[in-house]
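Structural description and commentary
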Amino acid sequence: MPKLFLIRHGRTNLQMEDRYWGNTDIPLNDTGIRQAEQIRDRLAAEKITHVYSSTLSRARDTAKIIAAPHHRDVIACEELGECNFGYVEGLTYDELKRLHPGLAEELGKMGAISFPGGESLSKFHTRVGTFLKQLEKHKPQDTIAIAAHGGSLRMLICHLLGLETKIWHRLRIDPASISVVDMYPGVSILNSLNDTAHLASD
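Reading the values: the criteria
Residues numbered from 1 in each chain as written. Predicted model: local features only at pLDDT ≥ 70, side-chain atom pairs only at ≥ 80, totals over all residues. Heavy atoms only, no water. Helix = DSSP H or I, 4+ residues; strand = E, 2+ residues; numbered from the N terminus. Rg over C-alpha atoms; globule rule 2.2 N^0.38 Å. Buried < 20%, exposed > 50% of the residue type's maximum accessible area, 1.4 Å probe, protein only. Contact = heavy atoms within 4.5 Å. Areas by Shrake-Rupley, 256 points an atom, 1.4 Å probe, with all protein chains shown as cover. Phe/Tyr/Trp six-rings, centres within 6.5 Å; stacked < 30°, edge-to-face > 60°. Pairing = 2+ DSSP bridges. Axes fitted to C-alpha atoms, helices over the stretch in contact; angles between N-to-C directions. Left-handed = near helix turned anticlockwise from the far one by under 90°.

Let us look at the overall build of the protein chain. A tally of regular secondary structure across the protein chain gives seven helices and six strands. When the helices and strands of the protein chain are placed in sequence order, the string is β-α-β-α-β-α-α-α-α-β-α-β-β. For the protein chain, whose C-alpha radius of gyration is 17 Å, the value lies close to the compact-globule estimate of 17 Å for 202 residues. Reported as C-alpha extents along the three principal axes, the dimensions of the protein chain are approximately 50 × 40 × 25 Å. Every one of the 202 residues in the protein chain was classed for burial, and the buried ones make up 50%. Considering only intrachain contacts with a sequence separation of at least 6, the fraction spanning at least 24 residues in the protein chain is 67%. In the structure as shown, the protein chain presents an accessible area of about 9,800 Å², 50% of it carried by carbon and sulfur atoms.

Next up on the list: the environment of Asp174. Checked against the element boundaries, Asp174 lands in the loop between α7 (150-161) and β5 (178-184). Classification of Asp174 as partly exposed rests on a relative accessible area of 21%. If sequence neighbours within four positions are ignored, Asp174 has contacts with Arg8, Asn194 and Thr196.

In this structure the tally under the stated criterion is four aromatic pairs. Ring centres of Tyr52 and Phe131 lie 5.2 Å apart, and the angle between their planes is 85°; this geometry places the pair in the edge-to-face category. Of this pair, Tyr52 sits in strand β2 (residues 50-53) while Phe131 sits in the loop between α5 (121-129) and α6 (132-135), and the two are 79 residues apart along the sequence. The exposure classification of Tyr52 matches that of Phe131, with both residues buried. Ring geometry for Phe124 against Trp168: centres 6.2 Å apart, planes inclined by 80°, an arrangement best described as edge-to-face. One end of the pair, Phe124, is in helix α5; the other, Trp168, is in the loop between α7 and β5, with 44 residues separating them in the sequence. Like Trp168, Phe124 is buried. Here a set of aromatic residues connected by ring pairs shows up, and it is made of Tyr20, Phe85 and Phe115.

Right, let's talk about the pairing of strand β4 (residues 143-148) for a bit. Where burial is concerned, most of β4 is hidden: six out of the six residues are buried. Two strands pair when backbone bridges link them, and strand β1 (residues 3-8) and β4 are joined in this way by six bridges, in the parallel orientation. Residue pairing in the sheet places Leu4 in a bridge with Ile144 of β4.

Our focus in this paragraph is the environment of Ile7. Relative to the elements of secondary structure, Ile7 occurs in strand β1. What makes Ile7 buried here is its relative accessible area of 0%. C-alpha of Ile7 to C-alpha of Pro175: the two residues are 168 residues apart in sequence and 8.4 Å apart in space. Those residues in contact with Ile7 that lie beyond four places of it in its chain are Ile39, Leu43, Thr62, Ile66, Ala145, Ile146, Ala147, Ala148, Leu153, Ser177 and Ile178.

Glancing now at the packing of helix α1 (residues 30-42) against helix α2 (residues 57-67). Helices that pack against each other are described as a pair by the angle of their axes relative to one another and the distance between those axes. Viewed as axis vectors pointing N to C, α1 and α2 meet at an angle of 35°, and their least axial separation amounts to 8 Å. Of the two elements, α1 crosses α2, and the hand of that crossing is right-handed. On α2, the residues touching Ile33, Ala36, Glu37, Ile39 and Arg40 of α1 are Thr62, Ile65 and Ile66.

Shown next as structure tokens:
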């Protein structure tokens with residue numbers, strides 16, 4: 001059974017502003033780098049065979065730090081990128097309510113949302129789902145680290161567990177957290193979600 005470590009990237013400076021940051025390429029800040037190092041130490045004893053990340057630097061750099069002691073290259077995948085929020089990118093929720101009141105209402109209902117100039121949740125879900133083809137190539141003994149984003153990891157978990165897209169926002173995925181999924185033929189099992197115990201000293 002391939003084991004998946006699903007890792008959200010560490011902190012960035014712009015995360016502190018509570019804005020919609022999706023496909024904007026924001027680097028890790030000093031705290032984020034330290035968090036990635038703590039994840040690295042947490043996973044050092046694991047026999048990681050493959051490391052994937054999104055193409056955005058905050059996830060890619062997290063993955064590189066984790067991969068170093070295992071001497072693995074990081075495979076960057078577009079399908080693991082965060083949702084493209086389009087014209088909403090960089091806005092706070094209050095700004096979104098003022099500029100796009102209809103979208104704000106849909107967000108409140110978590111309905112069939114489509115971000116103007118960006119992606120719909122349906123397209124986002126489909127995009128992330130294409131990463132499963134990559135996972136299907138792996139052997140049962142593989143241990144895989146995947147560094148990505150809160151949104152894309154939630155969508156990936158929905159795909160792996162066969163959950164409906166509409167509940168994706170109910171899965172809490174904190175910065176620098178680790179979730180663990182074991183893949184079996186025809187079924188996947190979520191062993192842990194949003195583990196941040198390795199950050200206790202941060």
